[in-house]
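Chains, contacts and geometry: an overview
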Amino acid sequence: MMKLLFLFFPLLFFSQQKITTQNIDNKLEKSNAFLFDGKTDEMIKLNHLILKDSRQINYPKGKSYACYNLALAYSMQYRYSKSNYYLNVMESEFKNLNEDDEGIAVNILYSMNYKGTKMYDEALKRLKRNLVLVNKIKSDSARRFNRIVTLVEMAKNYMEKKDYDSATYYSRLTVEEAKKSKKTDTGLNTSLKIAILTLVETKIKQNKIDSAEYYFKSAQSVPIALGNNEFRTFQLLGDINRVKNQNDSAIVNYQKAIILAKKVKNYKKLSELYNSISEVYRKTEETQQEKKYQLLHNTLDDSLKVIENENLKDTVNLLVTDKQKPLADKNNLLILIICIGVISFIIIGFFIKKRERKKNEIIDTKEQETKQLTQQLNIAFEEVVQLAKKNDPTFMTRFQEVYPSFFPKLLQIEPDLQNSELKFCALLFLNFSSKDIAEYTFIRARSAQTRKSRLRKRLNIPSEEDLYIWIKNINQN
């Protein structure tokens with residue numbers, strides 16, 4: 001028996017799977033499948049193993065991606081403290097991984113954690129950094145994908161913030177970006193479908209049900225299924241049914257959404273679903289079912305509030321930590337000033353002369369900074385003008401980056417402005433004449449003049465008011 005064990009032992013030893021980069025990459029692919037199906041527990045368990053193996057063979061990609069996946073999975077479970085921990089680890093690991101989109105991935109995850117605690121402005125600050133960072137990515141496909149993911153998150157934040165005009169704008173912009181891509185893949189189609197579903201939800205909240213139905217059909221045409229995350233599709237369809245008093249259909253779709261939301265453990269949406277289906281049962285006067293789901297909603301909502309309070313503390317701490325460096329610099333400066341103050345009692349004459357000289361230097365610096373800022377604005381303006389003259393497809397995106405408040409303010413006046421009309425307004429903002437617009441957009445000058453007249457009616461601009469001045473003032477109000 002001992003001889004048999006002795007002979008079998010080498011087989012046991014050599015049968016153990018060797019840790020290789022290929023093996024780790026395969027596990028990362030499996031992790032993506034878990035993410036797609038909403039299996040966050042399995043995703044966390046697998047990525048802890050990936051992180052351990054990657055550290056053992058010092059594989060930078062494996063370590064970075066595992067930390068990213070862990071941060072994402074914990075964020076999806078509302079465990080933002082854990083998520084932020086792995087984000088910090090990931091940032092240090094990314095230093096060993098020369099990839100263009102490293103900062104973008106970090107900002108998106110931080111924004112998700114901020115959004116989870118309703119700190120939408122902080123989330124949007126992170127995402128707006130990405131609109132600058134994506135321009136540094138060399139690969140066209142990677143640049144477009146990262147821009148699309150960022151725009152989707154911006155749309156979702158604006159929707160949660162109840163800024164529905166901006167949510168509509170960024171959702172539409174996402175759809176336009178996605179449709180520009182010559183090649184489609186799972187990631188692109190997923191982002192496209194999420195963007196359209198965000199439009200659906202936005203229109204429901206604006207009580208524009210016809211528009212919501214139109215976009216819902218558009219989302220259904222995207223050739224991708226969201227796996228267990230498809231609960232959102234059923235939830236939105238249920239919302240449309242509920243508003244249209246199609247109560248039986250609403251109940252069926254809410255029940256389907258509840259089953260899938262439970263699988264992915266999306267308790268926030270599950271709480272919403274319990275409340276929504278309870279309202280439908282109230283309409284149908286099914287009191288027992290109404291009370292059942294209202295109780296489920298209240299119980300789950302109370303639990304979520306406890307979690308939200310804890311997460312808010314963690315995320316506020318994150319925000320404080322994020323801003324501690326400049327505060328530390330200011331404290332060091334204060335100590336330096338105190339030291340100078342002490343010395344000044346000894347050499348008061350020298351201090352006064354030095355202070356005057358320093359004051360002049362500060363004034364000169366401020367003047368120089370103002371001049372540099374003006375130059376930068378002029379350069380950005382000229383860059384946007386050149387893109388417009390070339391009829392470059394990136395014109396609209398770059399214009400929005402340089403003048404971020406222009407389109408949202410126009411959409412507040414007239415929410416149904418089409419993209420072509422927004423572009424026309426942008427050209428007017430850049431002082432393009434009717435002749436210029438005709439030349440660079442390949443239309444007749446008379447057509448450009450006609451569009452101006454239509455635009456006046458759409459935006460209720462008095463005939464005696466200069467159109468160009470009115471357009472300029474939009475960005476200043």
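Refer to the preceding data block for the structure.
Residues numbered from 1 in each chain as written. Predicted model: local features only at pLDDT ≥ 70, side-chain atom pairs only at ≥ 80, totals over all residues. Heavy atoms only, no water.

Let's talk about the overall build of the chain
Within the chain one finds 23 helices and zero strands. Looking at the 477 residues of the chain, the share that counts as buried comes to 42%. Taking the contacts inside the chain whose residues are at least 6 apart along the sequence as the reference set, 63% of them involve residues at least 24 apart. Split by element, the accessible area of the chain, about 27,100 Å² in all, is 55% carbon and sulfur. (Helix = DSSP H or I, 4+ residues; strand = E, 2+ residues; numbered from the N terminus. Buried < 20%, exposed > 50% of the residue type's maximum accessible area, 1.4 Å probe, protein only. Contact = heavy atoms within 4.5 Å. Areas by Shrake-Rupley, 256 points an atom, 1.4 Å probe, with all protein chains shown as cover.)

Details of the packing of aromatic side chains
Under the definition given, this model contains 17 aromatic pairs. Ring centres of Tyr281 and Tyr293 lie 5.9 Å apart, and the angle between their planes is 10°; this geometry places the pair in the stacked category. With Tyr281 in helix α14 (residues 267-283) and Tyr293 in helix α15 (residues 287-322), this pair connects stretches of sequence that are 12 residues apart. Neither Tyr281 nor Tyr293 differs from the other in exposure class; each is buried. Seen in terms of ring centroids, Phe399 and Tyr403 are 5.1 Å apart; in terms of plane orientation they differ by 50°. Their pairing is tilted. When sorted by exposure, Phe399 lands in the same class as Tyr403, which is buried. Pairwise contacts between aromatic rings join Tyr158, Tyr169, Tyr170, Phe395, Phe399, Tyr403, Phe406, Phe407 and Phe429 into one cluster. (Phe/Tyr/Trp six-rings, centres within 6.5 Å; stacked < 30°, edge-to-face > 60°.)

Details of the nonpolar core
Core analysis: the biggest nonpolar cluster contains 79 residues, and Phe395, Phe399, Phe406, Phe407, Leu410 and Leu430 have the highest contact counts within it. Those residues within four positions of Phe399 in sequence are excluded, and the remaining contacts are Val384, Phe406, Phe407, Ala426, Phe429 and Leu430. Judged by nonpolar contacts, the second largest core, of 22 residues, contains Leu199, Ile209, Phe216 and Ile240. (Core = buried A, V, L, I, M, F, W, Y, C linked by side-chain atoms within 4.5 Å.)

Overview of the packing of helix α10 (residues 186-205) against helix α11 (residues 209-220)
Geometrically, a packed helix pair is captured by the angle between its two axes and the distance between the axes. For the pair α10 and α11, the least separation of the axes is 8 Å and the interaxial angle reads 165°. Put simply, α10 runs roughly antiparallel to α11. The chirality of how α10 crosses α11 is left-handed. On α11, the residues touching Lys193, Ile196, Leu197, Leu199, Val200, Lys203 and Ile204 of α10 are Ile209, Ser211, Ala212, Tyr215, Phe216, Ser218, Ala219 and Gln220. When the residues that make up the contact of α10 with α11 are grouped by side-chain class, the tally is 10 nonpolar, three polar and two charged. (Axes fitted to C-alpha atoms, helices over the stretch in contact; angles between N-to-C directions. Parallel < 35°, antiparallel > 145°, perpendicular 65-115°, else oblique. Left-handed = near helix turned anticlockwise from the far one by under 90°. Nonpolar A, V, L, I, M, F, W, Y, C, P; charged D, E, K, R; others polar.)

Overview of the environment of Lys472
Relative to the assigned elements, Lys472 resides in helix α23 (residues 467-474). A sequence separation of 43 residues divides Lys472 from Phe429, and the C-alpha atoms of the two residues are 5.8 Å apart. When neighbours within four sequence positions are excluded, Lys472 is seen to be in contact with Phe381, Phe429 and Asn431.

Notes on unusual backbone geometry
Not every positive phi belongs to a glycine, and Lys162 is a case in point at roughly 70°. Looking at where Lys162 falls in the secondary structure, it is placed in the loop between α8 (140-160) and α9 (164-180). Exposure remark for Lys162: the relative accessible area of 63% places this residue in the exposed category. In this structure, Asn431 is a non-glycine residue whose phi angle is positive, near 70°. Looking at the element boundaries, Asn431 is found in the loop between α20 (419-429) and α21 (434-441). On the basis of relative accessible area, Asn431 is assigned to the partly exposed category, the value being 46%.

A few points about the environment of Val252
By the secondary structure assignment, Val252 is in helix α13 (residues 247-264). Judged by its relative accessible area of 45%, Val252 falls in the partly exposed class. Between the C-alpha atom of Val252 and that of Gly238, which follows or precedes it by 14 residues, the distance is 7.8 Å.

Quick word on the pattern of salt bridges
Taken as a whole, this structure holds 20 salt bridges when the rule is applied. Among the salt bridges present, the one from Lys61 reaches Asp25, with a minimum N-O distance of 3.6 Å. Separated by 36 residues along the polypeptide, Lys61 in helix α4 (residues 60-76) and Asp25 in helix α2 (residues 21-36) bring together distant segments of the chain. For Glu421, the salt bridge is made with Arg458, and the minimal N-O distance between the two is 2.9 Å. Of this pair, Glu421 sits in helix α20 while Arg458 sits in helix α22 (residues 445-459), and the two are 37 residues apart along the sequence. Assessed through its relative accessible area of 29%, Arg458 is described here as partly exposed. Each of the salt bridges in this network shares a partner with another, and the network as a whole consists of Glu201, Lys205, Arg232, Lys269 and Glu272. (Salt bridge = Lys/Arg side-chain N within 4 Å of Asp/Glu carboxyl O.)

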